[in-house]
Amino acid sequence: MPVLEGRDLVKRYDERAALDHVSFVVEAGESVAIAGPNGAGKTTLLSMLAGVTTPDSGSVELPGGKLGWVPQKAAVYQKLTVRENLELFARLEKVDDVFGSATRMMDRIELAHRASDRAEDLSGGMRQRLSIGMGLIADPAVLLLDEPSAALDPLQRERLWELLGSLADSGIGIVFSTHSAGEVEGHADRVIILDGGKLLYDGAPADIGPGAHFELAFINFLRARRAHVNVGGDAE
Ligand SMILES: Nc1ncnc2c1ncn2[C@@H]1O[C@H](COP(=O)(O)OP(=O)(O)OP(=O)(O)O)[C@@H](O)[C@H]1O
Ligand SMILES: [Mg+2]
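Residues numbered from 1 in each chain as written. Chains lettered and ligands numbered in written order. Predicted model: local features only at pLDDT ≥ 70, side-chain atom pairs only at ≥ 80, totals over all residues.

Looking at this structure, I do not really get the overall build of the protein chain. What am I missing?
Scanning the protein chain from terminus to terminus reveals seven helices and nine strands. Expected size for 236 residues packed as a compact globule is a radius of gyration near 18 Å; at 18 Å, the protein chain falls within 12% of this value. Considering only C-alpha atoms, the protein chain reaches an extent of 55 × 40 × 35 Å along its principal axes. Among the 236 residues that make up the protein chain, the fraction classed as buried is 44%. Considering only residue pairs separated by 6 or more positions, the protein chain has 70% of its internal contacts joining residues 24 or more positions apart. (Helix = DSSP H or I, 4+ residues; strand = E, 2+ residues; numbered from the N terminus. Rg over C-alpha atoms; globule rule 2.2 N^0.38 Å. Buried ≥ 20, exposed ≤ 12 C-beta atoms within 10 Å, placed from the backbone. Contact = placed C-beta atoms within 7 Å.)

Encoded structure:
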């Protein structure tokens with residue numbers, strides 16, 4: 001069952017196409033990685049799917065229910081406590097039981113012991129977990145995360161993937177951007193590769209082509225495509 005459908009999405013900044021007719025579908029319980037070099041259009045695509053950036057053309061549909069969005073910079077109110085941040089979002093999302101859902105979410109993101117601490121006093125990883133909790137508070141069918149592991153230490157990263165894995169197991173569609181080949185290999189059912197705003201690949205990480213592991217296969221793939229296609233953008 002699809003939970004997210006992006007169709008023919010286009011975004012231009014001046015003459016440059018940040019996103020060039022990109023379409024794809026995310027199924028319930030599926031974990032999809034978005035990979036590609038700096039400037040490929042990953043953040044543009046995710047923020048457009050999240051409804052934060054307006055496409056020049058194309059459409060986004062959410063046939064499974066709501067969408068949760070976790071931007072790269074944790075979107076939390078620094079002066080509010082962990083509980084206050086969650087309750088604020090629960091109210092904005094018109095959640096029925098504001099207090100109870102904030103309490104349950106703090107357990108889920110393992111921040112119950114820091115409930116009364118201001119967001120500004122949390123570690124980067126804890127703030128990231130709070131930001132994920134805010135993305136999840138309205139019980140979304142699909143969760144989008146922009147480079148969620150970029151600022152985390154290896155232990156925090158492992159906890160992040162445990163959390164995202166359990167969310168996918170519970171049927172939520174997960175879409176995340178990453179520069180880590182290991183995360184694509186280890187945590188994505190499918191990978192979408194963007195370069196110069198174009199979707200170059202949509203399939204299983206293992207099927208991308210020759211290379212002993214994903215990192216090498218990914219580099220080989222991009223080199224081969226860049227030799228044949230003028231991808232524009234930051235392409236060398
Ligand atoms: N607000 C903006 N104004 C002008 N150009 C923009 C704007 N936002 C993005 N772009 C351009 O769109 C292209 C895609 O940028 P985007 O941030 O989506 O890339 P990315 O794949 O997320 O890169 P990174 O890996 O560095 O995060 C880039 O060429 C970028 O300069
Ligand atoms: Mg980005």
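Is there a simple way to think about the site of ligand 1 in this case?
Lining the immediate surroundings of ligand 1 are twelve residues, of which Tyr13, Ala18, Lys42, Thr43 and Thr44 lie closest. At three residues, helix H1 (residues 42-49) tops the list of elements feeding residues into the shell around ligand 1. (Near = placed C-beta within 6 Å.)

What is the right way to read helix H2 (residues 82-92) from this model?
Structural remark: α-helix, 3.6 residues per turn; residues separated by three or four positions point the same way. Every buried residue of H2 is listed here: Val82, Asn85, Leu86, Glu87, Phe89 and Ala90. On its buried face, H2 sits against helix H3 (98-108) and helix H4 (124-136). One or two positions beyond H2, positive phi appears at Lys94, with a value near 60°.

I'm lost on the environment of Phe176 in this one. Help?
Checked against the element boundaries, Phe176 lands in strand E7 (residues 173-177). In sequence terms Phe176 and Val70 are 106 residues apart; their C-alpha atoms lie 9.3 Å from each other. With near-sequence residues (within four places) excluded, Phe176 lies in contact with Ala33, Ile34, Leu145 and Pro148.

Looking at this structure, I do not really get the nonpolar core. What am I missing?
Judged by nonpolar contacts, the single largest core of 65 residues is most densely connected at Ile34, Leu45, Leu86, Leu130, Val142, Leu143 and Leu144. Apart from residues lying up to four places away in sequence, Leu144 is in contact with Leu46, Leu49, Ala50, Leu67, Trp69, Val70 and Val175. (Core = buried A, V, L, I, M, F, W, Y, C linked by C-beta atoms within 7 Å.)

Can you walk me through the sheet that holds strand E4 (residues 57-61) in this structure?
Read across the open sheet, the three strands follow the order E2-E1-E4; overall the sheet is antiparallel. Each having just a single partner strand, strand E2 (16-27) and E4 make up the two edges of the open sheet. Put simply, the sheet's adjacent strands are angled 15° from each other on average, direction ignored. Strand direction decides the pairing type here: strand E1 (residues 2-13) and E4, joined by four bridges, are antiparallel. By the bridge assignment for E4, Glu5 is matched with Glu61. Sitting on the sheet, H1 is in contact with E1, E2 and E4, with an inclination near 125° to E1. (Pairing = 2+ DSSP bridges. Axes fitted to C-alpha atoms, helices over the stretch in contact; angles between N-to-C directions.)

I tried to follow the sheet that holds E7 on my own but got confused; where do I start?
Through backbone hydrogen bonds, the strands of a sheet pair up, either in parallel or in antiparallel fashion. Across the sheet, six strands lie side by side as E5-E6-E7-E3-E8-E9; this open sheet has mixed pairing. Of all the strands in the sheet, the pair left with one neighbour each is strand E5 (67-70) and strand E9 (198-203). Between one strand and the next, the sheet's axes are offset by a mean angle of 15°, whatever the strand orientation. With four bridges joining them, strand E6 (residues 142-145) and E7 adopt parallel strand pairing. Within E7, the position partnered with Leu145 by the bridge is Phe176.

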